[in-house]
Amino acid sequence: MKKTKKIEFRVTLTEALIIKNKAEKVGCSVSEYIRNTALNYSLAYKLTPDEVEVYKLLNKYADNFRRISNLFKLGDTTGVKQHTIETANLIRTHLQKLL
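Under the annotation held in an unreviewed UniProt entry, the protein chain carries the name Mobilization protein and is attributed to Myroides marinus.

Shown next, in the form of structure tokens:
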């Protein structure tokens, strides 16, 4: 639907900065932010690139632990040991990046 109407209102400098900051956090323009909040639409938080990277790593770790669990179910203790060592090394590698 084409937007043809314009609404203007005054805010203090502090209010403008807060609104702009909140809009950036959810990844939209100030107009979109105000429109969505005024109409009670839900706004999703936009992840930072660092948060996206952490999310991907956590998914990788969850997958590794799922695989280890499946190996236990199958009774393959050799595979369990290997996957455990690989996962521990992967975690250690990423922890070293933080230091």
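So much for the structure itself; the text now carries on.
Draft legend 1. The layout of surface pockets, seen in detail. If you add up the space inside the largest pocket, you get close to 540 Å³. The leading source of residues in the lining of the largest pocket is helix H2 (residues 30-38), at 5 residues.

Draft legend 2. Examining the pattern of salt bridges more closely. As enumerated under the stated definition, the model contains 3 salt bridges in all. Among the ionic pairs, Arg66 bridges to Asp63, the shortest N-O distance being 3.4 Å. Here Arg66 and its partner Asp63 are both found in helix H3 (residues 49-74), 3 residues apart, which amounts to about one turn of the helix. Owing to a relative accessible area of 27%, Asp63 belongs among the partly exposed residues under this scheme. Salt bridges sharing common partners tie together Asp63, Arg66 and Arg67.

Rules used in this analysis
- Residues numbered from 1 in each chain as written.
- Predicted model: local features only at pLDDT ≥ 70, side-chain atom pairs only at ≥ 80, totals over all residues.
- Heavy atoms only, no water.
- 1 Å grid on protein atoms, 1.4 Å probe; cavity = no way out; pocket = protein on both sides within 12 Å on 5 of 7 lines; lining within 4 Å.
- Points joined across faces, edges and corners; volume = space filled by probe spheres on them.
- Helix = DSSP H or I, 4+ residues; strand = E, 2+ residues; numbered from the N terminus.
- Salt bridge = Lys/Arg side-chain N within 4 Å of Asp/Glu carboxyl O.
- Buried < 20%, exposed > 50% of the residue type's maximum accessible area, 1.4 Å probe, protein only.

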